[in-house]
Amino acid sequence: MSEPRMKIVLVTPEIPYNTGAIGRTCVALNLELILIKPFGFSLEEKAVRRAGMDYWKHVQLTQYESWEDFLETRKPARDSLYFFEEHGAQSVYEPDYQQDGYLVFGCESKGLPMTILDDMKDRVFNLPMLNPVVRSLNLANTATAVIYQAMRTQLSG
C-alpha cells in the first residue's frame, strides 16, 4: 500500500504557465495534479510544457469534467478539502493538514466559484499579504507556498 499523499486541485485553470509550473512542483514532491474542466487552454499547448519543462511528462495528472464529477468519483471527506482564496477567514498557517488532503485552488481571474465555497466557509484559507496595494498573488507562487506549508511535517524528516 502506498503512503498517503496530498493532491493539488486546480478548478478551471486559465493560464498554461501557472498549470505547468504547479505541475513541476507536483513532480518534485510526488503529488497528484487534478485538473477540473473547462480549461482556458489546451494541455497540448507548448506553454504548459515549457513551464513544466521536461518534467511535464512525469506529472501524475487526473482530469475531471466538472467539480461535481470530481466529488462523485473521488468522494473526498469534507475535512480533507482545503480551499485557498484571498478572502479566506483563516491563514494557511492554521490547519493541521491531512497527509492525503486535497489543496484546492480556483482560476486566476475569478478564484473558486461560490457554489463550491458556500458550505465550506470554515475550510477556506488565505495566504497572508501585508501590503494592501497587492490585490492577489500569482497562482503558481501561491500554490507552491501553500504546498510547502501544508507538507512541512512530511518534509522536515
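Structural notes, computed from the coordinates. (Residues numbered from 1 in each chain as written. Predicted model: local features only at pLDDT ≥ 70, side-chain atom pairs only at ≥ 80, totals over all residues. Heavy atoms only, no water.)

### Notes on the pairing of strand β4 (residues 81–84)
Burial of β4 is two-sided: the residues Leu-81 and Phe-83 facing one way and the residues Tyr-82 and Phe-84 facing the other way are all buried. As defined by bridge partners, β4 adjoins strand β6 (residues 102–105) across four bridges and the pair is classed as parallel. Paired with Leu-81 across the bridge in β6 is Tyr-102. Relative to strand β7 (residues 124–126), β4 is paired through two bridges, and the arrangement is parallel. Residue pairing in the sheet places Phe-83 in a bridge with Val-124 of β7. (Buried < 20%, exposed > 50% of the residue type's maximum accessible area, 1.4 Å probe, protein only. Helix = DSSP H or I, 4+ residues; strand = E, 2+ residues; numbered from the N terminus. Pairing = 2+ DSSP bridges.)

### With respect to the sheet that holds β7
Spatially, the seven strands line up as an open sheet ordered β3-β2-β1-β6-β4-β7-β5, and their pairing is parallel. With partners counted over all chains shown, the strands left at the sheet margins are β3 (60–64) and β5 (90–91), one partner each. By the bridge criterion, four bridges tie strand β1 (residues 7–11) to β6 in an arrangement that is parallel. Pairing of Lys-7 across the sheet is with Tyr-102, part of β6. In the packing of helix α5 (residues 139–150) onto the sheet, contacts are made with β1, β4 and β6, and the angle to β6 comes to roughly 160°. (Contact = heavy atoms within 4.5 Å. Axes fitted to C-alpha atoms, helices over the stretch in contact; angles between N-to-C directions.)

### Some remarks on the nonpolar core
Across soluble globular proteins, you tend to see nonpolar side chains buried next to one another. One finds Ile-8, Ile-22, Leu-33, Phe-84, Leu-103 and Phe-105 to be the most contacted residues of the largest nonpolar core, which totals 29 residues. Sort the elements by how many residues they give to this core and α5 lands first, with six residues. In this structure, Val-11, Ile-36, Tyr-64 and Phe-83 belong to the second largest nonpolar core, which totals 16 residues. (Core = buried A, V, L, I, M, F, W, Y, C linked by side-chain atoms within 4.5 Å.)

### A few points about a nonpolar patch on the surface
A surface patch of nonpolar side chains, amounting to about 340 Å² of accessible area, comprises Met-129, Val-133, Val-134 and Leu-137. One can find Val-133 in the loop between β7 and α5. Residue classification places Val-133 among the exposed residues on the basis of a relative accessible area of 67%. (Patch = residues over 30% accessible without salt bridge, like charges linked within 9 Å, V, L, I, M, F, W, Y side chains within 5 Å. Areas by Shrake-Rupley, 256 points an atom, 1.4 Å probe, with all protein chains shown as cover. Salt bridge = Lys/Arg side-chain N within 4 Å of Asp/Glu carboxyl O.)

### Considerations on the environment of His-58
Tracing the chain through its elements places His-58 in the loop between α2 (46–52) and β3. Taking the relative accessible area as the measure of exposure, His-58 reaches 46% and is therefore partly exposed.

### Some points on α5
Its 12 residues give α5 an end-to-end C-alpha distance of 16 Å, which sits within 8% of 16 Å, the value for a rise of 1.5 Å per residue. Taken together, the buried positions of α5 are Leu-139, Ala-140, Thr-142, Ala-143, Val-146, Ile-147, Gln-149 and Ala-150. Where α5 is buried, its residues touch β1, α1 (16–29), β4, β6 and α6 (152–155). By the N-cap criterion, in which a side-chain oxygen at the helix start approaches the backbone nitrogen of a residue two or three places on, α5 is capped by Asn-138, the distance to Ala-140 being 2.8 Å. (Expected span 1.5 Å × (residues − 1). Polar contact = N/O pair within 3.5 Å; in protein donor to acceptor, adjacent residues only side chain to side chain.)

### Examining the packing of aromatic side chains
All chains considered together, the criterion is met by nine aromatic pairs. Note on Tyr-82 and Tyr-97: the rings are 4.8 Å apart at their centroids and 50° apart in plane angle, and the pair reads as tilted. Of this pair, Tyr-82 sits in strand β4 while Tyr-97 sits in the loop between β5 and β6; the two residues are 15 residues apart in sequence, bridging distant segments of the chain. Both residues of the pair, Tyr-82 and Tyr-97, belong to the buried class. A connected cluster of aromatic rings, assembled from ring pairs, spans Tyr-64, Trp-67, Phe-70, Phe-83 and Tyr-102. For Lys-7, the ring lying beneath its charged end belongs to Tyr-102, and the centroid distance is 4.6 Å. Residue placement shows Arg-123 over the ring face of Tyr-82; its charged tip is 4.7 Å from the ring centre. (Phe/Tyr/Trp six-rings, centres within 6.5 Å; stacked < 30°, edge-to-face > 60°. Lys NZ or Arg CZ within 6 Å of the ring centre and 35° of its normal.)

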